[in-house]
Amino acid sequence: MTDTELKGKVEAALEEIRPFLQNDGGDISLLSIEDGTIVKVQLEGACVGCSVNQMTLKSGVEMTIKKHAPQIERVINMEA
């Protein structure tokens, strides 16, 4: 899979989960994909400082991204 294809799959995963984040006043942005296995994102809005954002990141965002792009090993939230 090319870098462009991988980015497309990750973006598709984020589009799938974005409405749930926006429903709670938050959002998410893709910052980078490193070595084809690590996705760096930035939680935004109400997600910043939310007490459950690490759970959201692991059980929601990471799981959805891995469903679209199984080669992804980790999703990291980069604080603003």
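Presented here is an overview of the structure given in this document.

Calculation criteria
Residues numbered from 1 in each chain as written. Predicted model: local features only at pLDDT ≥ 70, side-chain atom pairs only at ≥ 80, totals over all residues. Heavy atoms only, no water. Pairing = 2+ DSSP bridges. Helix = DSSP H or I, 4+ residues; strand = E, 2+ residues; numbered from the N terminus. Axes fitted to C-alpha atoms, helices over the stretch in contact; angles between N-to-C directions. Core = buried A, V, L, I, M, F, W, Y, C linked by side-chain atoms within 4.5 Å. Buried < 20%, exposed > 50% of the residue type's maximum accessible area, 1.4 Å probe, protein only. Contact = heavy atoms within 4.5 Å.

## Comments concerning the sheet that holds strand 1 (residues 26-34)
Then step 1. The 3 strands are arranged 1-2-3 in an open sheet whose pairing can be described as mixed. For this open sheet the edge positions go to strand 1 and strand 3 (74-77), each flanked by a neighbour on one side alone. Recorded for the sheet is a direction-independent mean angle of 30 degrees between the axes of neighbouring strands.
Then step 2. Where strand 2 (residues 38-45) lies against strand 3, 4 bridges are found, and the strand directions are parallel.

## Observations concerning the nonpolar core
Then step 1. Within the largest apolar cluster, 18 residues are counted, with the highest numbers of intra-cluster contacts made by Val39, Val61, Ile65 and Val75.
Then step 2. Residue assignment for this core shows that the elements contributing at least two residues are helix 1 (3-23), strand 1, strand 2 and helix 2 (53-68).
Then step 3. With 6 residues, helix 1 is the largest single contributor of residues to this core.
Then step 4. With near-sequence residues (within four places) excluded, Val75 lies in contact with Val39, Val41, Leu57, Lys58, Val61, Glu62 and Ile65.

## Observations concerning the environment of Lys40
Then step 1. Within the secondary structure, Lys40 sits in strand 2.
Then step 2. The sequence separation of Lys40 and Asn77 amounts to 37 residues, and the corresponding C-alpha distance is 5.9 Å.
Then step 3. Setting aside chain neighbours within four positions, we find Lys40 in contact with Ser29, Leu30, Leu31, Ser32, Glu34, Ile76 and Met78.

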